[in-house]
Amino acid sequence: MSVAAEPQLEYRTAIVEAMAEELERDERVIFYGEDVARAGGVFKATPGLHERFGDERVFDTPISELAMCGAAFGAAVTGLRPVLEVMFGDFMTLAMDALVNQAAKWWYLSNHRTPVPLVIRSAVGAGGSFGAIHSQNPAPWYLSVPGLKIACPAFPADAKAMLKAAIRDQNPVLFLEHKRLYSLKGPHPQREVEPLGSARVARAGEDVTVLAIQRGVHDALAAAEQLAAEGIDAEVLDLRCLRPLDLDAVLASVGRTNRLLVVDEGAALGGWGGSVIGAVAQHGLEHLDDVWLLASPEHPVPYSPPLERAFLPGGEAIAASVRERLGLGAPTTT
Amino acid sequence: MSVAAEPQLEYRTAIVEAMAEELERDERVIFYGEDVARAGGVFKATPGLHERFGDERVFDTPISELAMCGAAFGAAVTGLRPVLEVMFGDFMTLAMDALVNQAAKWWYLSNHRTPVPLVIRSAVGAGGSFGAIHSQNPAPWYLSVPGLKIACPAFPADAKAMLKAAIRDQNPVLFLEHKRLYSLKGPHPQREVEPLGSARVARAGEDVTVLAIQRGVHDALAAAEQLAAEGIDAEVLDLRCLRPLDLDAVLASVGRTNRLLVVDEGAALGGWGGSVIGAVAQHGLEHLDDVWLLASPEHPVPYSPPLERAFLPGGEAIAASVRERLGLGAPTTT
Amino acid sequence: MKIMQSFASMSRRPHRTSHAAATVAAEPWLARLRQMLLIRGFELEIQRQFLRGEVHGTTHLYNGQEAISVGVCSVLRDGDYVAATYRGHGAALALGISAEALAAELMGRTTGIDGGRGGSMNVIDLERGLVGCFGIVGGSIGAAIGAAISAKRHGGVAVAFFGDGATNQAYFHECLNFAVVRCLPAIFVCENNLYGEFTPMERVTASDDIAARAAAYYMPSRKVDGNAIADVVDAAEEAVRHAREQGGPAFLECLTYRQLGHSKSDPATYRPTEERDAWLARDPIELEKARLRDVLGVDAVQIAGVEADVARELAEAIEAALAAPVATPENDCATEYAA
Amino acid sequence: MKIMQSFASMSRRPHRTSHAAATVAAEPWLARLRQMLLIRGFELEIQRQFLRGEVHGTTHLYNGQEAISVGVCSVLRDGDYVAATYRGHGAALALGISAEALAAELMGRTTGIDGGRGGSMNVIDLERGLVGCFGIVGGSIGAAIGAAISAKRHGGVAVAFFGDGATNQAYFHECLNFAVVRCLPAIFVCENNLYGEFTPMERVTASDDIAARAAAYYMPSRKVDGNAIADVVDAAEEAVRHAREQGGPAFLECLTYRQLGHSKSDPATYRPTEERDAWLARDPIELEKARLRDVLGVDAVQIAGVEADVARELAEAIEAALAAPVATPENDCATEYAA
Ligand SMILES: Cc1ncc(C[n+]2csc(CCOP(=O)(O)OP(=O)(O)O)c2C)c(N)n1
Ligand SMILES: Cc1ncc(C[n+]2csc(CCOP(=O)(O)OP(=O)(O)O)c2C)c(N)n1
Ligand SMILES: [Mg+2]
Ligand SMILES: [Mg+2]
């Protein structure tokens, strides 16, 4: 294959570019977190911001997730636009109160007088043998909370344009970055901001809709390539946001394919995947010939690499499960 | 109607009886929380235990939900069986880390060597004009966490027998008591413990399954009475536990009725109700002629009584929605 | 180290009950008395309306602690912020929310300050600097450090009110430390009324000196008689000046007493009679009336005039609140998101 | 008040580097040296195995801090508990987990202490009193107070190890207070290595004296040279005695230094060279070897013997771990619940 002509954007660069542009554009934007300023973040997603914007706007914090999130709420309702990093999504357990009992409630409780423009960025997901407490996706913990938005871009272009949208949004946004995407490269965004709440067809197809987020989108695309070679034409839908949910896009896709597979890295019960299936069943039952979920087993993320690989629904597993549900055998070896 | 011969059990009495019996039966059981000991709890669900079992086993704590839950974890893995009360379910935001990143993970991570027998009791739910921060059900925040159990009994008998089961369980259990049930009276349990994880048909019916928990079960039963008068025979299924989920019971019921209404006091997106529908769609699509969710709007619980009443799916709303989905008009006035 | 500098500027002072000098002009003190009377009258009225079924759920009354929110808020100015608790009617009124709008909120009326959506525990009014009343013990502390980040940009300050019980919460520790290392203009005001719900402080708090906890973060702190408004004002002025001049946060422990139970259903029988009586004898309003008369030479008729004025204002406020429409789905239309 | 009584029994002492009296028998100190050597050798071996791709994800090495976990754990007995951190290989080995079982865990082998399910950050072994290594900063503190509730029943104690950075976490504050008011036999051991990840303590911690934070809860506390094992042992003995005799919790701040980066990918360039060199010159193992020779009169040959012995043990352990089967879905069968 020839090298793409257009310069490529790395996911972690998308993040720092979005941050820099919004810090530049709006002096109400501030950014803080543990080791995000001088060190540029443990995932190296925010280098250079501290030097450029100074310590009043970009700073390192104590290891105090609750204070960080409480401070973001207080700053947001008084006119700033805080962005903060919670290093690993697993630590969102500690920040929950300020987000759920405060940030997500104030717009309603203030009788629509006080918006809460804040963003929490967090690195989530498994696949690097970081073990059970550094591999979770906190989205399901927060999915049921009205007033929150949850963004989970799969591509560098979306990471940049959606992060910019999140920072300009008037509502609290949980912005989840999958660890196995930081080094991914892809095209630059085509528009400056990508409003939160719309799904995107990552690959059009006719036979089955494979719905995923983050890393799962890439696994689904890989599976779709395999399946295409076997004559199965899978549509891959990148949800991009979990809340608000672009149910119309899901229903439109399922209306075409009549079959829905949801790929969710987390547990089957109570995850975002099951919720989406529930919504489709309620609103599109007549379209559904088949619907199933590929999720992980009901236990924590294992450390041992083979255990973790088997635990996660990867491209092979997606392809195999589509084959199975569509009544096709394994591909003959070429 | 004549007064029932059998003495009735009040829900809050069921709680304190279960606690007392288990404290008596097993000296590894301890119980603590804010104002639960000397004052007997703000919902008066635990009077007398402190006097009876002494301050080493039943005690008041500081307002430190995270320490309380961390301590429960540490005590459980070292041989005690702690029960603690988090006064309002809304405060479970603050206790989450110890439960999610520790208690729920240790059985697996210890390679099945270390069970974590602890119970967190908490008063949940809306309907008393306690406002947005004292009316939530924390179940959806925890529903996706493997290793946890979530119990939510609707009847005094279950409250007692399931709390006893929870205390004897080898796993962390979130035991959710709906505030509008504490004063409910009903029969005593028929067996000493009611194992966690099985649903119960609260009313058998043929035409539609109404699945609910806690207060919703009573609303569903009231609706079923109304509907019966109109010739609709609704089955009411009391889920009793959210995790593990008794999917077999749900599928069996839906297999008979082919229609499923889930009543959930929380938001529609990301709640337990949508998750259950998702599971039914995956595993029982062929049975489903219709499926829908009666949940609350996507905003926090309102304070004003008329707003809160309209917000919550009550008996009238359940009956009306069944009528509508089954294509029947409103009942003619008698 | 920057955080060290702030340590010296405000020293701990012994608990004292002395009064401000007699040369002080009476007007500002009369205005404060008026606010205390308004709060007291408001709370008593709310208690009545609760029994009449016009106020719902639960309420946490502020009787006995009026000098604290009135004293502290009286030294604030536009652009400052306050985060208060579920026991927040005092702070709300002290910040200038009208008794009518607050009563209407508690009665679930559309004219309530938050349209009847929030109720007693969730009063919010950023227009008057009230970041909110927080139903979560300690929540006010988190909000205040964030508001202080904002306020720092324009020389403002942010105040957190919270109780003795809140000093055992996660928010307390993380946020005090955060405020010091970030040198934020935050004032932490602990209203130590000796009890958290039904539990006396010493049973759950590993300290008999809350102000000393602040010192562990190298934060200047002071303990004052929270029932003596002149003392509160003096300490608050010093703390606010310190914070406004970019000296970093400051801490006030105000000793006081809840004259009623924790919430509407609590008869507070767990408190020793002598303790209660001793504190009732030190009612902050009576103390201040006496000081106005005896030290500042205000005449009794003038005080009676203020009382009558407040009573009139309250009566009108309650009447107007009662007359307003209840918030219902027909007149309240919620959106999930701000646009 | 009960919590007051415990205050006096253990006073703060100045930081000192003096050594234990020369009359002390050498054997227990040699055993401790052996453990320190084992830990050091283990960490160096793990670093190699990481580069070879046999250890995965990330690891947080303990080099330089060995005297603390070895010293503290050496004064514990059966029925005591320890909660440690993601930087927990030292505590695990000091509690008697075999180098083979720990290495196998880090290599994801079925013979790992937790079957390869947990990895470096999640080592658990209740059989040896290890409540766990906690991936959440501060998590060990919560677990330890719970373990202390258990331990109190049989005269045991529970130790929490944690870093300087953890002292700004919610767990720290809530749990220290909780332990004092419940008079729990908990020992809080802060391993102050001056940095949390890449950030020096003073930039995020509003205190240059962590032991003083404990004093704000009226908890006895002591600051020691964490690189001098005799000092650690002395302080730990005192703390454990205090706790075992139902005196309540105690606090130790152990000053030390991470000889390597925070985790495997960190070259630690953010630390001043002079600072690093000064600390490297105070390597706890070298210090103790010198003390054994110079103060306790142990001869160099004996020490060399221990070193050789440890090297052999380690070589065998690593070889055995490498030879064991990797945990795979075929040999690992998980259930969601304990029955
Ligand atoms: C996180 C949390 N835990 C528990 C409660 C229940 N609660 C409400 S007020 C209160 C006592 C608070 O005491 P204190 O801080 O002294 O304030 P006071 O009520 O005395 O003004 C408690 C435990 C709560 N609202 N939030
Ligand atoms: C709650 C939480 N926040 C952040 C992290 C990421 N993290 C891991 S170690 C560490 C630094 C901890 O510093 P310290 O407590 O001093 O311990 P040390 O690593 O120096 O031994 C951080 C921020 C975490 N694991 N948990
Ligand atoms: Mg109080
Ligand atoms: Mg450190």
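The present account deals with the structure reproduced in this document.

How each quantity is defined
- Residues numbered from 1 in each chain as written.
- Chains lettered and ligands numbered in written order.
- Predicted model: local features only at pLDDT ≥ 70, side-chain atom pairs only at ≥ 80, totals over all residues.
- Heavy atoms only, no water.
- Helix = DSSP H or I, 4+ residues; strand = E, 2+ residues; numbered from the N terminus.
- Rg over C-alpha atoms; globule rule 2.2 N^0.38 Å.
- Buried < 20%, exposed > 50% of the residue type's maximum accessible area, 1.4 Å probe, protein only.
- Lys, Arg positive; Asp, Glu negative; His and termini not counted.
- Charge placed at Lys NZ, Arg CZ, Asp CG, Glu CD.
- Near = heavy atom within 4 Å.
- Polar contact = N/O pair within 3.5 Å; in protein donor to acceptor, adjacent residues only side chain to side chain.
- Areas by Shrake-Rupley, 256 points an atom, 1.4 Å probe, with all protein chains shown as cover.
- Contact = heavy atoms within 4.5 Å.
- Buried area = accessible area lost by both parts, 1.4 Å probe.
- Salt bridge = Lys/Arg side-chain N within 4 Å of Asp/Glu carboxyl O.
- Nonpolar A, V, L, I, M, F, W, Y, C, P; charged D, E, K, R; others polar.
- Expected span 1.5 Å × (residues − 1).
- Donors = N, O, S within 2.8 Å, 3.2 Å for Na, K, Ca; no water.
- Disulfide = S-S within 2.5 Å.
- Pairing = 2+ DSSP bridges.
- Axes fitted to C-alpha atoms, helices over the stretch in contact; angles between N-to-C directions.
- Phe/Tyr/Trp six-rings, centres within 6.5 Å; stacked < 30°, edge-to-face > 60°.
- Parallel < 35°, antiparallel > 145°, perpendicular 65-115°, else oblique.
- Least-squares fit on C-alpha atoms with pLDDT ≥ 70 in both.

Comments concerning the overall build of chain C
Per the secondary structure count, chain C includes 13 helices and 8 strands. Computed over C-alpha atoms, the radius of gyration of chain C comes to 19 Å, within 12% of the 20 Å expected from 2.2 N^0.38 for 339 residues, which places it in the range of a compact globule. If one aligns the C-alpha atoms of chain C with their principal axes, the spans along those axes are about 60 × 55 × 40 Å. Each of the 339 residues in chain C was classed as buried or not, and the buried ones make up 68%. When the 32 positive and 43 negative side-chain charges of chain C are each reduced to one mean point, those points stand 5 Å apart.

Topic: the site of ligand 2
Taken together, 22 residues sit near ligand 2, with Glu65(A), Tyr86(D), Arg87(D), Gly135(D) and Gly165(D) positioned nearest. Looking at the residues close to ligand 2, they fall on chains A and D. At 2.8 Å, a backbone N or O of Gly135(D) approaches a nitrogen atom of ligand 2. Between ligand 2 and Asp164(D) there is a distance of 2.9 Å, counted from an oxygen atom to a side-chain nitrogen or oxygen. In the complex, 97% of the free accessible area of ligand 2, which totals 580 Å², lies under the protein chains.

Section: the interface of chain A and chain B
Much of the literature gives interface size as the accessible area that the parts lose upon coming together. The interface is formed by 48 residues belonging to chain A together with 47 residues belonging to chain B. When chain A packs against chain B, the two sides together hide about 3,900 Å² of surface, and 67% of this comes from carbon and sulfur. If you sort the residues of chain A by the area they bury against chain B, Tyr108(A), Leu269(A) and Gln282(A) come out on top, with a joint share of 17%. Taken together, the connections running from chain A to chain B amount to 2 salt bridges. Here Arg243(A) ties to Glu298(B) by a salt bridge, and the two come within 2.8 Å at their closest N and O atoms. Between the two partners, chain A and chain B, sit 14 residue pairs in polar contact (both at pLDDT 80 or more). In terms of residue count, helix 4 (residues 92-109) of chain A provides more of the side of chain A that touches chain B than any other element does, 10 residues in total. Residues of the side of chain A that touches chain B, tallied by class, amount to 29 nonpolar, 11 polar and 8 charged.

Focus on helix 13 (residues 300-323) of chain C
Residues and elements named next belong to chain C. In this model helix 13 runs 35 Å from its N-terminal to its C-terminal C-alpha over 24 residues, within 8% of the 34 Å that 1.5 Å per residue would give. Within the span of helix 13, buried status applies to Ile303, Val306, Val310, Leu314, Ala317, Ile318 and Ala321. Those residues of helix 13 that are buried lie in contact with helix 2 (27-51), helix 5 (99-106) and helix 12 (284-294).

Overview of the site of ligand 1
Near ligand 1 there are 22 residues, and of these Glu65(B), Tyr86(C), Arg87(C), Gly135(C) and Gly165(C) occur at the shortest range. Chains contributing residues to the immediate surroundings of ligand 1 are chains B and C. One nitrogen or oxygen atom from the side chain of Asp164(C) is found 2.9 Å from an oxygen atom belonging to ligand 1. One of the backbone nitrogen or oxygen atoms of Gly165(C) is found 2.8 Å away from an oxygen atom of ligand 1. Computed on the free molecule, ligand 1 has an accessible area of 580 Å², of which 98% lies beneath the protein chains in the complex. Its residues assigned to classes, the shell around ligand 1 comprises 9 nonpolar, 8 polar and 5 charged.

Looking at the coordination of the magnesium ion (ligand 4)
Residues and elements named next belong to chain D. With distances of 2.0 to 2.1 Å, the protein atoms coordinating the magnesium ion (ligand 4) are Asp164 (OD), Asn193 (OD1) and Tyr195 (O). The sequence motif formed by the donor residues of the magnesium ion (ligand 4) is D-x28-N-x1-Y. With a gap of 29 residues between them, aspartate 164 in the loop between strand 3 (158-163) and helix 7 (170-181) and asparagine 193 in the loop between strand 4 (186-192) and strand 5 (195-196) connect regions that are remote in the sequence. Here aspartate 164 matches asparagine 193 in class, with each residue buried.

Thoughts on the state of the cysteines
The bond known as a disulfide is covalent and runs between the sulfur atoms of two cysteines. By the definition in use, this model includes 0 disulfides over all chains. Of the cysteine sulfurs around Cys69(B), a residue in no disulfide, the closest is that of Cys175(D), at 11 Å. Looking at Cys133(D), it has no disulfide partner, and the nearest cysteine sulfur is the one in Cys73(D), 10 Å off.

Description of the sheet that holds strand 3 (residues 58-60) of chain B
Two pairing modes exist for strands in a sheet, parallel and antiparallel, and in both the strands are linked by backbone hydrogen bonds. All names here are of chain B. Taken in spatial order, the 7 strands of this open sheet run 3-2-4-5-7-6-12, and their pairing is mixed. Of all strands in the sheet, those bounded by a partner on one side alone are strand 3 and strand 12 (241-243). Going from strand to strand, the sheet's axes swing by 20° on average, the running direction of each strand aside. Pairing of strand 6 (residues 149-151) with strand 12, which is carried by 2 bridges, proceeds in the antiparallel orientation. Across the sheet, the residue bridging to isoleucine 150 is arginine 243, located in strand 12.

Some thoughts on the interface of chain C and chain A
Between chain C and chain A, the contact holds 42 residues from the first and 47 residues from the second. Summing both partners gives a buried area of about 3,500 Å² for chain C against chain A, and 57% of it is carried by carbon and sulfur. Summed over the shared surface of chain C and chain A, the number is 7 salt bridges. For Arg113(A), the salt bridge goes to Glu127(C), with nearest N and O atoms at 3.8 Å.

A look at unusual backbone geometry
With an omega of -5°, the peptide bond between Arg243(A) and Pro244(A) qualifies as cis. Residue position: Pro244(A) is located in the loop between strand 12 (241-243) and helix 8 (247-257). Here the phi dihedral of Arg240(B) falls at roughly 65°; this positive angle occurs in a residue that is not glycine. With respect to the secondary-structure elements, Arg240(B) resides in the loop between strand 11 (234-238) and strand 12.

Section: the packing of aromatic side chains
In total, this model carries 34 aromatic pairs over all chains according to the counting rule given. Judged by centre distance (5.0 Å) and plane angle (20°), the rings of Trp106(A) and Phe134(C) are stacked. On the criterion of chain membership, the pair formed by Trp106(A) in helix 4 and Phe134(C) in strand 2 (residues 130-134) is interchain, its members lying in two chains. Residue classification places Phe134(C) among the buried residues on the basis of a relative accessible area of 2%. Ring centres of Phe162(D) and Phe172(D) lie 6.0 Å apart, and the angle between their planes is 70°; on these two criteria the pair is classed as edge-to-face. Separated by 10 residues along the polypeptide, Phe162(D) in strand 3 and Phe172(D) in helix 7 bring together distant segments of the chain.

Considerations on the packing of helix 3 (residues 65-77) of chain A against helix 7 (residues 170-181) of chain C
Taken N-terminus to C-terminus, the directions of helix 3 of chain A and helix 7 of chain C make an angle of 75°; their axes are 8 Å apart at the nearest point. Taken together, the axes of helix 3 of chain A and helix 7 of chain C lie roughly perpendicular to each other. For the pair helix 3 of chain A and helix 7 of chain C, contact is made by Glu65(A), Leu66(A), Ala67(A), Met68(A) and Ala71(A) and by Ala170(C), Tyr171(C), Glu174(C), Cys175(C) and Phe178(C), respectively. Within the contact of helix 3 of chain A with helix 7 of chain C, the residues separate by chemical class into 8 nonpolar, no polar and 2 charged.

Side note on the coordination of the magnesium ion (ligand 3)
Residue and element names in this part refer to chain C. For the magnesium ion (ligand 3), the full set of protein donor atoms is Asp164 (OD), Asn193 (OD1) and Tyr195 (O), and the range of their distances to it is 2.0 to 2.1 Å. Coordination of the magnesium ion (ligand 3) draws on donor residues from a single chain, spaced D-x28-N-x1-Y in sequence. Comparing asparagine 193 with tyrosine 195 shows no difference in burial state: the two are buried.

Looking at the relation of the copies chain A and chain B
Two copies of one chain are present, and they are related through a rotation about an axis combined with an axial shift. For the match of chain A to chain B, the screw axis carries a shift of 0.0 Å, the RMSD comes to 0.0 Å, and the turn is 180°. On this basis, the relationship between the two copies can be described by a two-fold rotation axis. By residue overlap, the copies meet face to face through one surface: 98% of the interface positions of chain A are interface positions in chain B.

Comments concerning the pairing of strand 1 (residues 81-85) of chain C
Residue and element names in this part refer to chain C. Summarising burial for strand 1: 5 of the 5 residues are buried, a large majority. Residue alternation in strand 1 divides its side chains into two sets, Tyr81, Ala83 and Thr85 and Val82 and Ala84, and both sets are buried. Bridging between strand 1 and strand 3 (residues 158-163) involves 3 bridges; their strand directions are parallel. Pairing of alanine 83 across the sheet is with alanine 160, part of strand 3. One ladder, built from 4 bridges, connects strand 1 with strand 2; its direction is parallel. Considered in strand 2, the bridge of threonine 85 is made with phenylalanine 134.

Some words on the side chain of Glu66(D)
Residue and element names in this part refer to chain D. One can find glutamate 66 in helix 3 (residues 66-73). Residue class for glutamate 66 comes out buried when judged on its relative accessible area of 0%. Within the structure, glutamate 66 has its side chain in polar contact with the side chain of arginine 40 (distance 2.5 Å). Only 2.9 Å separates the side chain of glutamate 66 from the backbone nitrogen of glycine 64, close enough to count as a polar contact.

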